[in-house]
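Per-entry structural report
Below are the chains, spelled out letter by letter.
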Amino acid sequence: MSSNNKDAAPIIEKLRQFYDEFAESSLDKLGDIYTEDVTFIDPIHQTNGLDDLKAYFKHTMGGVSQCHFAFDEQRGDNEVQFLTWQMRLIHPKLAKGREIVVPGVSELHIRDDKIRKQQDYYDLGAMLYEHIAILGFVIDKVKQRLVLKD
């Protein structure tokens, strides 16, 4: 264990508070949570550096009516933490504006009491593709064919 990390609890609490009501207006707080050279990876994109992360979040939040993360389990030590969560997202162009719930896991690497790397794992299809009209129809038909036996 690195002597740079005394206790992961304070940074995990900041992260939970930030994502509790994930909004573009909160992006200025990212520097309190992430290192300047942070690497952030999710199924959509990879960012390198705090400015790149801010730009990515600003872009992805465009048009989102509401986004909230409900955290469940937490495991790890003072260098690496794993958090399970549910993202609850409302976007007027997805799922006819209804709430979408997507479960996921974040792998967090901590340095100097901030997050230096975050990798999020979740089903991009459940979040996005299945809620776009024509793609959702096609994906549903493919799933039905996989499940049905002749």
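Look above for the structure.
Residues numbered from 1 in each chain as written. Predicted model: local features only at pLDDT ≥ 70, side-chain atom pairs only at ≥ 80, totals over all residues. Heavy atoms only, no water.

Description of the packing of aromatic side chains
Put simply, the rule is: In this analysis, rings of Phe, Tyr and Trp, with Trp reduced to its six-membered ring, are considered paired at centre separations within 6.5 Å, and the interplanar angle assigns stacked below 30 degrees, edge-to-face beyond 60, and tilted for intermediate values. Secondary structure elements follow DSSP: runs of H or I of four or more residues count as helices, runs of E of two or more count as strands, with numbering from the N terminus. Here's how the labels work: a residue is buried when its accessible area is under 20% of the maximum for its type, exposed when over 50%, partly exposed in between, all with a 1.4 Å probe on protein chains only.
Within this structure, the stated rule accounts for 13 aromatic pairs. Ring geometry for Phe 40 and Phe 57: centres 5.2 Å apart, planes at 80 degrees, overall edge-to-face. Placement of the pair is Phe 40 in strand β1 (residues 34–41) and Phe 57 in helix α3 (residues 50–60), with a sequence separation of 17 residues. Phe 40 sits in the buried class, given a relative accessible area of 2%. A relative accessible area of 4% means that Phe 57 is categorised as buried. Three or more aromatic residues link up through ring pairs in this structure, and these residues are Phe 18, Tyr 19, Phe 22, Phe 40, Tyr 56, Phe 57, Phe 69, Phe 71, Trp 85 and Tyr 122.

Considerations on the side chain of His 109
This is how the line gets drawn: By definition in these notes, contact holds between two residues if any of their heavy atoms fall within 4.5 Å.
With respect to the helices and strands, His 109 occurs in strand β5 (residues 100–111). Those residues within four positions of His 109 in sequence are excluded, and the remaining contacts are Glu 79, Val 80, Lys 114, Ile 115, Arg 116 and Lys 117.

What to know about the pairing of strand β6 (residues 114–122)
Inclusion rule: Between any two strands, pairing holds if DSSP finds at least two bridges.
Summarising the sheet, β1 and β6 pair through four bridges and their orientation is parallel. Looking across to β6, one finds that Phe 40 is bridged to Gln 118. For β5 and β6, the ladder comprises eight bridges, and the chain directions are antiparallel. Bridge pairing links His 109 to Lys 117 in β6. Here β5 hands over to β6 after two residues, with Asp 112 in that stretch at a positive phi of 55 degrees.

Quick notes on the nonpolar core
Short version of the rule: Here the nonpolar core consists of buried residues drawn from Ala, Val, Leu, Ile, Met, Phe, Trp, Tyr and Cys, with membership extended through side-chain atoms lying within 4.5 Å.
Ranked by internal contacts, the top residues of the largest apolar core, which has 35 residues, are Leu 15, Tyr 19, Tyr 34 and Phe 57. Those elements that provide at least two residues to this core are α1 (9–20), α2 (30–33), β1, α3, β3 (66–76), β4 (80–90), β5 and β6.

Observations regarding the sheet that holds β1
To be explicit about the condition: Axis lines are fitted to C-alpha atoms, over the contacting stretch for helices. Their N-to-C directions set the angle, which ranges from 0 to 180 degrees.
Read across the open sheet, the six strands follow the order β2-β1-β6-β5-β4-β3; overall the sheet is mixed. Two strands close off the open sheet at either side, each with one partner strand: β2 (46–48) and β3. Within the sheet, the average angular offset between the axes of one strand and its neighbour, ignoring direction, is 20 degrees. Direction of pairing for β1 relative to β2: antiparallel, over a ladder of three bridges. The residue bridging Ile 41 from the neighbouring strand is Gln 46, located in β2. Here α1 sits on the sheet and contacts β1, β3, β4, β5 and β6; the angle it forms with β3, its principal contact strand, is near 155 degrees. Strand contacts of α3: β1 and β2, with the helix running at about 50 degrees to β1, the strand carrying the most contacts.

Brief notes about the environment of Gly 104
Looking at the secondary structure, you find Gly 104 in strand β5. In this structure Gly 104 comes out as buried when scored by relative accessible area, which is 9%. Between the C-alpha atom of Gly 104 and that of Asp 120, which follows or precedes it by 16 residues, the distance is 7.0 Å.

Digging into α1
Stated formally: Helix span is expected to be 1.5 Å times the residue number reduced by one. The arc in question is the one traced by the directions running from the helix axis out to the C-beta atoms.
Relative to the 16 Å expected for 12 residues at 1.5 Å per residue, α1 spans 16 Å between its end C-alpha atoms, a close match to the ideal helical length. Looking at α1, one finds that the buried residues are Ile 11, Ile 12, Leu 15, Phe 18 and Tyr 19. Relative to the axis of α1, the buried residues are bounded by an arc of 125 degrees and lie together on one face.

Side note on the side chain of Asp 42
How we decide: Working convention for charge: Lys and Arg count positive, Asp and Glu count negative, and His plus the chain ends are omitted. When a carboxyl oxygen of Asp or Glu lies within 4 Å of a side-chain nitrogen of Lys or Arg, that pair is called a salt bridge. Any N or O atom pair separated by 3.5 Å or less is treated as a polar contact, with the protein-specific requirement of one donor-capable and one acceptor-capable atom, and with residues adjacent in sequence counted only for side-chain atom pairs.
When you line up the elements, Asp 42 lands in the loop between β1 and β2. With no salt bridge to any partner, buried Asp 42 finds its closest opposite charge in Lys 117, at an N-O distance of 13 Å. Within the structure, the side chain of Asp 42 is placed 2.9 Å from the backbone nitrogen of His 45, a separation counted as a polar contact. Residues contacting Asp 42, with those up to four places away along its chain left out, are Tyr 56, Asp 120 and Tyr 122.

Any functional reading would require information beyond the geometric quantities listed.
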